[in-house]
Structure formats: structure tokens, C-alpha cells
Amino acid sequence: MSENNNMTIYDACACVEGFDGLEHTQEEEIAAWQVLIDTGACWKLQGWYGRNAAALIEAGLCHRATS
């Protein structure tokens, strides 16, 4: 997978859904969720994305987008 600052929305979705067939660390998954939050994609995709993103923010594992 590409570095987090170059992770595409597709890469992030593949990581969190697991359809890329790769094993990901918890840190990689959190970074992928943060990409989806920062880009706003998690709020535009299926409801599962938004619910999980909100739960991760609430748990302090991710933060709200700054812009």
C-alpha cells in the first residue's frame, strides 16, 4: 500500500473493507480511516463508513477533519 499521505480513497476503502487481500496492521487501518475522514469520503459513502468513522472519532482513535 502507498504511504498514508499518498493513500487514495480507493486504497483506504480497500484497507478498511479488506478487499485488497492484504493483511493490515491496526495503525494502517486507522490511517486509512483518517484518510476517509480527512477527504470527507466517509460521509458520502454507504452508512457503514460514516458510522464507523464517527465511532473512531468518539473513541479518540481518529480526529475530525481540520479543513
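Residues numbered from 1 in each chain as written. Predicted model: local features only at pLDDT ≥ 70, side-chain atom pairs only at ≥ 80, totals over all residues. Heavy atoms only, no water.

Draft legend 1. Structural view of the packing of helix α2 (residues 26-39) against helix α3 (residues 47-58). It is the contact of α2 with α3, at a shortest axis distance of 10 Å, that shows an interaxial angle of 110 degrees. As summarised for this structure, α2 and α3 are arranged roughly perpendicular, according to the angle between their axes. By crossing handedness, the relation of α2 to α3 is classed as left-handed. From α2, Ile30, Trp33, Leu36 and Ile37 reach across to α3, where they touch Trp48, Tyr49, Asn52, Ala53, Leu56 and Ile57. Class assignment of the residues belonging to the contact of α2 with α3 gives a composition of nine nonpolar, one polar and no charged. (Axes fitted to C-alpha atoms, helices over the stretch in contact; angles between N-to-C directions. Helix = DSSP H or I, 4+ residues; strand = E, 2+ residues; numbered from the N terminus. Parallel < 35°, antiparallel > 145°, perpendicular 65-115°, else oblique. Left-handed = near helix turned anticlockwise from the far one by under 90°. Contact = heavy atoms within 4.5 Å. Nonpolar A, V, L, I, M, F, W, Y, C, P; charged D, E, K, R; others polar.)

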